[in-house]
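Architecture at a glance
What follows is the residue order along each chain.
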Amino acid sequence: MLTSPSSSSTYDPFSSNFSPSLTNAFSSSFTIPMGLKLSRRVTRARIFSRKIKDRSTLKVTCRRAHERVVEEEASTMTETKLFKVSSGEVSPLGVSQVDKGINFALFSQNATSVTLCLSLSQSGKDDTDDDGMIELVLDPSVNKTGDTWHICVEDLPLNNVLYGYRVDGPGEWQQGHRFDRSILLLDPYAKLVKGRSSFGDSSQKFAQFYGTYDFESSPFDWGDDYKFPNIPEKDLVIYEMNVRAFTADESSGMDPAIGGSYLGFIEKIPHLQDLGINAVELLPVFEFDELELQRRSNPRDHMVNTWGYSTVNFFAPMSRYASGEGDPIKASKEFKEMVKALHSAGIEVILDVVYNHTNEADDKYPYTTSFRGIDNKVYYMLDPNNQLLNFSGCGNTLNCNHPVVMELILDSLRHWVTEYHVDGFRFDLASVLCRATDGSPLSAPPLIRAIAKDSVLSRCKIIAEPWDCGGLYLVGKFPNWDRWAEWNGMYRDDVRRFIKGDSGMKGSFATRVSGSSDLYQVNQRKPYHGVNFVIAHDGFTLRDLVSYNFKHNEANGEGGNDGCNDNHSWNCGFEGETGDAHIKSLRTRQMKNFHLALMISQGTPMMLMGDEYGHTRYGNNNSYGHDTSLNNFQWKELDAKKQNHFRFFSEVIKFRHSHHVLKHENFLTQGEITWHEDNWDNSESKFLAFTLHDGIGGRDIYVAFNAHDYFVKALIPQPPPGKQWFRVADTNLESPDDFVREGVAGVADTYNVAPFSSILLQSK
């Protein structure tokens, strides 16, 4: 029953005057006597009333429901408490605690009706379905200001409340609308999301995503001695990784309750310190839909999207990365504990963020969970026929430079910086963010500029993946305001081609290792604005790069048609994991060559999780859908490679940290580098040597790469006065001689550089 505060009369939803809509009751604040069981019965009666057209049947149905309510009313009265509803406040969007209660605000420009749905779950457990939620219909004359719908609910619990919206509006698909009032929608501004209870559980593939909140817990304790690492960009060494895959494998030795979780991650931070990296770039950790491929029968319905590029919400941490069951409040706390532990270890946290598309798929197989049903025409790019544009390759494209969507993205970024203390962001398919609302490229995209100029984001690293699936390739041309860094895709391609011995690549290789001045020496940009990488999450692992000429993606279910065909890889003479001793030795050498080249290059180096022990995906270069050892870090393999492969990788990283000539703030001048080369125009020359000059300290570094299949006798230049050359690295040698941090004396005037190998000398 509903009691109007303006009179003592009883508002009976089962009287002959009952209307399914509560709109008229919301003209001012009113009181709802609410017992948990009682409210569910009433709601079910209201739902019946929407579905039954015959009035006599409707009256009988409602009366029967009323009888059930009356029977239970006495027993539930002890559970009953009152709350009031008022018009609410227009901002902030999402859920906020205000003096009068809990405020809910939702943007929708084209909606004609909005209903707030609430579930007061006990002990934080969701034991209800959509039909069992309390529905509060918002009156646009009271609960709408401009394009924002809002309502304040008094006396709601401060946590353990699940909520969503039903939104209705014009039904014309040809006009770009996708409203459907039957669908319960997730608030785009929900700070916490309740979804499935466990990762990848197919029995929960259609589980509802609810918004929730927590205004009761104490603020997270970052500690009195807490501080941000604040690592200069020129000093970064980035490690791209997946939170779940890092500890999900049983070889991690983790209790299953924390394997693959934020807490599990914390236990393995010492490995990152041993390796020497000082920044992690985490594959998506926003709430995402790992079972998006299993909603319908299709060739990929055996897959679990473990990479996370299927965003459900832009504010909430992935709840199923919490320890135990997927609790959103626990996920938020444990994510902060992970960030705090990483910062304590001197490691920055960069998030891979996906603002180019969402989990809501395309118009052929639509999956409406939030944005599409709230205001499709605002949140997504549409073509002239009002069909979804697809510059993401995932069926839809977020309308990033629409003012409302732009503000949502900025609010999301600020939230992760202020609430979770992250240090930066890598923007997936960032060229999408450079498109206008009609999809056309913009030379000065408002969103890109706003991110670069935002005061809250001013301490953050901001990194673009400067391309998209619509062909907008912006490597070296990404709008940047001297702030944005870029994944340097040209570095990857040119370094791969030179190291494997392609002709005509020496000049390009020299340009890449010296900082890609052809791309980034513009205005006030620096070498570190180019993020150098040979390997990333999509594509071959380092071991597969030297073991496969062709991708082997049959396990993905698309007949091998997915994934990139142009990998610039070389199997060293045999396709696959096997091979004779010579082939295995060559592959080991090549992996060390790639790593040495990466770590001596000017710019910001990034490596992939698992390459430090030689992880293989058996030639699969698009392994996003495998929640298995194909992606999971193999700790036993690491143990087996600790004294050789891992040792080399770790020592090279630490050598970079301790030598400033490898990480210049500005682009190299003639006095800072000498090229030992007079054969630039010979396309068949595959040997390159150069010296980086230390200046005052006299600790010069000489590096030579030989991509020929024969020995090259290199003439070693004279060291600085009073110094001699020490051999630090020779990738042709076995461990531990392949890298000796203090150096080995006795380097002569010439050095025989072995086929497909590299050396590094230091003057002392």
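Here's a quick rundown of the structure. From a predicted model like this one, the values you see are computed outputs, not experimental measurements.

**Overview of the side chain of Ser251**
Among the structural elements, Ser251 can be located in the loop between helix H3 (243–247) and helix H4 (262–267). Since its relative accessible area comes to 16%, Ser251 is described here as buried. Within the structure, the side chain of Ser251 is placed 2.7 Å from the side chain of Asp249, a separation counted as a polar contact. In contact with Ser251, other than residues within four places in its own chain, are Phe633, Gln634, Trp635 and Lys636.

**Focus: the packing of aromatic side chains**
Summed over the entire model, instances satisfying the criterion amount to 43 aromatic pairs. Geometrically, the ring pair formed by Phe286 and Trp416 is stacked, given 4.8 Å between the ring centres and 10 degrees between the ring planes. Residue Phe286 is found in the loop between strand S15 (279–282) and helix H6 (328–344), and its partner Trp416 is found in helix H8 (residues 403–418); the two are separated by 130 residues along the sequence. Trp416 carries the same exposure label as Phe286, and that label is buried. Between Phe335 and Tyr420 the ring centres are 5.3 Å apart and the planes differ by 90 degrees, which places this aromatic pair in the edge-to-face class. In this pair, Phe335 is assigned in helix H6 and Tyr420 in the loop between H8 and strand S17 (424–427), connecting sequence segments 85 residues apart. What makes Phe335 buried here is its relative accessible area of 0%. The exposure class assigned to Tyr420 is buried, which follows from its relative accessible area of 1%. Positioned above the aromatic ring of Phe648 is the side chain of Lys592, whose terminal nitrogen or guanidinium carbon lies 5.5 Å from the ring centre.

**Focus on the state of the cysteines**
Under the defined criterion, the tally for this structure stands at zero disulfides. Distance from the sulfur of Cys434, which forms no disulfide, to the nearest cysteine sulfur (Cys400) is 9.4 Å. The thiol sulfur of Cys469 is not disulfide-bonded, and the nearest other cysteine sulfur, from Cys394, lies at 6.8 Å.

**Some details on the pairing of strand S10 (residues 148–153)**
With six of six residues buried, S10 is to be regarded as a mostly interior element. Covered by surrounding structure in S10 are Thr148, His150 and Cys152 together with Trp149, Ile151 and Val153, the residues of both alternating faces. Here strand S6 (residues 101–107) pairs with S10 via six bridges, running antiparallel. Bridged to Ala105 within S10 is His150. Pairing geometry for strand S9 (residues 144–145) and S10, over two bridges, is antiparallel.

**Focus on helix H11 (residues 506–513)**
For the α-helix, the turn length of 3.6 residues means that residues three or four positions removed from each other point alike. Considered for burial, the residues of H11 that qualify are Lys506, Phe509, Ala510, Arg512 and Val513. All buried residues of H11 project into a common sector of 165 degrees when viewed along the axis, lining one side. Looking at the buried side of H11, the elements it contacts are helix H10 (489–499), helix H12 (517–520), helix H14 (581–600), strand S22 (673–675), strand S23 (687–692) and strand S24 (701–706). Just beyond H11, the residue with positive phi is Gly515, at close to 115 degrees.

**A word on the nonpolar core**
Where a protein is soluble and globular, its nonpolar side chains tend to be buried together. The biggest cluster of nonpolar side chains holds 183 residues, and the ones touching the most others in it are Phe104, Tyr239, Phe265, Val280, Leu351, Phe425 and Phe427. Among the elements that make up this core, the one with the highest residue count is H14 (nine residues). The residue makeup of this core includes at least three contributed by each of domain 1 (85–214) and domain 2 (669–763). Core analysis: the next-biggest nonpolar cluster, separate from the first, contains twelve residues, Phe687, Tyr702, Ala714 and Ile716 among them.

**Let's talk about the packing of H8 against helix H9 (residues 446–453)**
Closest axis-to-axis distance for the H8/H9 pair is 10 Å, and the angle between their directions is 25 degrees. Between H8 and H9, the crossing angle belongs to the class labelled roughly parallel. Here H8 and H9 pass one another in a crossing that is right-handed. Contacts between H8 and H9 pair Met406, Ile409, Leu410 and Leu413 from the former with Pro446, Leu447, Ala450 and Ile451 from the latter. Tallied by class, residues from the contact of H8 with H9 come to eight nonpolar, no polar and no charged.

**Brief notes about the environment of Val712**
Its location among the elements puts Val712 in strand S25 (residues 712–715). By relative accessible area, which is 14% here, Val712 ends up buried. Once the C-alpha coordinates of Val712 and Phe687 are considered, the two residues, 25 residues apart in sequence, prove to be 7.9 Å apart. In this structure Val712 touches Phe687, Asn706, Tyr751, Asn752 and Val753, once residues within four positions along its chain are discounted.

**As for the sheet that holds strand S27 (residues 739–744)**
Within the open sheet, the six strands sit side by side as S22-S23-S24-S29-S26-S27. Their pairing is antiparallel. What marks the edges here is a single partner per strand, and that holds for S22 and S27. Pairs of neighbouring strands in the sheet enclose a mean axial angle of 15 degrees, with direction left out of account. Bridge count between S24 and strand S29 (residues 757–763): six bridges; the pairing is antiparallel. Looking at the pairing, Phe705 lines up with Ser758 of S29.

The rules behind the values
- Residues numbered from 1 in each chain as written.
- Predicted model: local features only at pLDDT ≥ 70, side-chain atom pairs only at ≥ 80, totals over all residues.
- Heavy atoms only, no water.
- Helix = DSSP H or I, 4+ residues; strand = E, 2+ residues; numbered from the N terminus.
- Buried < 20%, exposed > 50% of the residue type's maximum accessible area, 1.4 Å probe, protein only.
- Polar contact = N/O pair within 3.5 Å; in protein donor to acceptor, adjacent residues only side chain to side chain.
- Contact = heavy atoms within 4.5 Å.
- Phe/Tyr/Trp six-rings, centres within 6.5 Å; stacked < 30°, edge-to-face > 60°.
- Lys NZ or Arg CZ within 6 Å of the ring centre and 35° of its normal.
- Disulfide = S-S within 2.5 Å.
- Pairing = 2+ DSSP bridges.
- Arc of directions from axis to C-beta.
- Core = buried A, V, L, I, M, F, W, Y, C linked by side-chain atoms within 4.5 Å.
- Domains from an automatic or database assignment.
- Axes fitted to C-alpha atoms, helices over the stretch in contact; angles between N-to-C directions.
- Parallel < 35°, antiparallel > 145°, perpendicular 65-115°, else oblique.
- Left-handed = near helix turned anticlockwise from the far one by under 90°.
- Nonpolar A, V, L, I, M, F, W, Y, C, P; charged D, E, K, R; others polar.

Keep in mind these values describe shape, not function.
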